[in-house]
Structure formats: structure tokens, C-alpha cells
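In case you want the letters, here they are:
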Amino acid sequence: MTNRFTYKGFDLSVVVYVRAGGTLISQVHQPTAGYLTVMDGKRNGLKVDYWTPTNPTNDFPMPQAQFSPVTTAWTTLGYFDASFMKVRSINLGYSFSNNVIRKIKAQSARVYVTAQNPFTLFSPYMKAGGIDPESTNQGNTGVSNPGNISNRNLTIGLSTPPTRSIIFGINLSY
């Protein structure tokens, strides 16, 4: 969804990207999928809501010093709702008036700032401690113990997620 607004030389456009439904398989949360996911409760690991006697949420099993043999049940820890809503880009610009343009002997002049992937408005995956909810793969590519995963499932691997950036610029036409 794209929204554009203009007012007295200013222009603003906002692009919002929404995905509703689906299954997201996170390599970041699957045990033995990478060095990040040993799920032993050690410091500097993923922030995970583990089961403990005082916190019986059952989101994740209790951490243990030695990881038991992986079963198919452990791989389900990486399954999440793939829904999300994020702002893909925000672009704010100002087009100079004809008086200013004549002084610099140009046909048009505009300054702008663009923010790409500035923030996510809603994501069950990020709420559970995940990274950017846009998938980096599809199907069972790079998934530990893929079993009967559909090719339609979206996966987040240990590759680089979409980055955030801020761009400043000037458009001049002579």
C-alpha cells in the first residue's frame, strides 16, 4: 500500500508492506540449525522464554547443559506465524520554488531523505524474539530436518536479513 501526500512544495510517500497468514520457519530458532541455536541457556544466546518451574509457559523446553539427540519435535521450535506489517520506505522531499531555481539557473531542484525498512508495525515472529520477518528463502532450503515441509513455506535462514538505511539526496535538472 502506497500513500502520497503533497503540500506547498513538500512531498511525502509511505510504502507499507503486509503479509497475512502463512508459516514461517526460522533457522535462528531451530536447534542445531546453527551456532546461535544450541538452546542451552548460556549467556549471549537468543532471548528465549524457557520453561522453568516458576515460568511454566511451555514456549520452549528448559535449557540443559548437554543437548539431547534431536527429534522432529525439537524442530517445531522454529515455526511461527508469517504475518507481519512493516513500513518498507518513507520518502520526504521538498521541491524548490521557481524563484530559487532561476537563481541557480536550473530547471528543477529537489532535496529529499528516504528511510528504507525503518520499522515493523506488527509481527508475531519478532514478538517471539525473531529478526526481520521477511523471508530469506522459500520451502525447505537450509532447514534442519525438513521432513515434509511444503515448498510454499517461507524460511528465515542465517543469511543477512533486509537492512535499514537512510539516504539523503539532491535532484538538480539543468
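The structure this text deals with has already been given above.
Quick notes on the rules
Residues numbered from 1 in each chain as written. Predicted model: local features only at pLDDT ≥ 70, side-chain atom pairs only at ≥ 80, totals over all residues. Heavy atoms only, no water. Salt bridge = Lys/Arg side-chain N within 4 Å of Asp/Glu carboxyl O. Helix = DSSP H or I, 4+ residues; strand = E, 2+ residues; numbered from the N terminus. Buried < 20%, exposed > 50% of the residue type's maximum accessible area, 1.4 Å probe, protein only. Pairing = 2+ DSSP bridges. Axes fitted to C-alpha atoms, helices over the stretch in contact; angles between N-to-C directions. Core = buried A, V, L, I, M, F, W, Y, C linked by side-chain atoms within 4.5 Å. Contact = heavy atoms within 4.5 Å. Phe/Tyr/Trp six-rings, centres within 6.5 Å; stacked < 30°, edge-to-face > 60°. Lys NZ or Arg CZ within 6 Å of the ring centre and 35° of its normal.

Caption draft 1: The pattern of salt bridges, seen in detail. Applying the stated criterion across every chain, the model contains four salt bridges. The salt bridge involving E134 is made with K86; its shortest N-O contact spans 2.9 Å. Note that E134 is positioned in the loop between α3 (124-127) and β7 (137-138) and K86 in strand β5 (residues 84-95), a separation of 48 residues in sequence. Accessibility classification places E134 together with K86 in one group, the buried group. Look at the salt bridges and you will find they share partners, linking K86, R88, D132 and E134 into a network.

Caption draft 2: Broad picture of the sheet that holds strand β2 (residues 10-19). Sheet architecture is open: five strands sit in the order β1-β2-β5-β6-β9, paired in antiparallel fashion. Looking at which strands have only one partner, the edges of the open sheet turn out to be β1 (2-7) and β9 (165-173). The mean inter-strand angle of the sheet, taken between neighbouring strand axes irrespective of direction, is 15°. Where strand β6 (residues 108-122) lies against β9, nine bridges are found, and the strand directions are antiparallel. Following the sheet pairing, V113 is matched in β9 by F168.

Caption draft 3: Inspection of the nonpolar core at higher detail. In terms of nonpolar packing, the biggest core is built from six residues, these being L24, V28, F80, A82, Y125 and I156. With residues near it in sequence (within four places) discarded, Y125 still touches L24, S26, V28, H29, F80, D81, G130, I131, D132, P133 and I156.

Caption draft 4: Representation of unusual backbone geometry within the structure. Even without a glycine there, the phi angle at K8 is positive, about 45°. With respect to the element layout, K8 can be found in the loop between β1 and β2. The residue N117 is not glycine, and still its phi comes out positive at about 50°. The class for N117 is buried, based on a relative accessible area of 12%.

Caption draft 5: Up close: the pairing of β2. Of the strand pairs in this sheet, β1 and β2 are connected by six bridges, and their pairing is antiparallel. From the neighbouring strand, T6 faces β2, where its bridge partner is D11. Where β1 hands over to β2, the hairpin turn is made up of two residues, of which K8 adopts a positive phi near 45°. Note that β2 and β5 share ten bridges and pair antiparallel. The residue bridging S13 from the neighbouring strand is N91, located in β5.

Caption draft 6: Structural view of the packing of aromatic side chains. Throughout the structure, instances matching the rule amount to four aromatic pairs. Note on F10 and Y94: the rings are 4.7 Å apart at their centroids and 50° apart in plane angle, and the pair reads as tilted. Remark: Y94 occurs in strand β5 and F10 occurs in strand β2; sequence separation between them is 84 residues. By relative accessible area, F10 is classed as partly exposed at 44%. Relative to F84, the ring of Y17 has its centre 5.4 Å away and its plane inclined at 70°; by these criteria the two rings are edge-to-face. On the criterion of sequence distance, the pair formed by Y17 in strand β2 and F84 in strand β5 is long-range, its members being 67 residues apart. The class of F84 is buried, set by a relative accessible area of 1%. Members of the aromatic cluster, each reached through a chain of ring pairs, are F10, Y94 and F96. The side chain of R88 reaches across the aromatic face of Y17, ending 4.3 Å from its centre.

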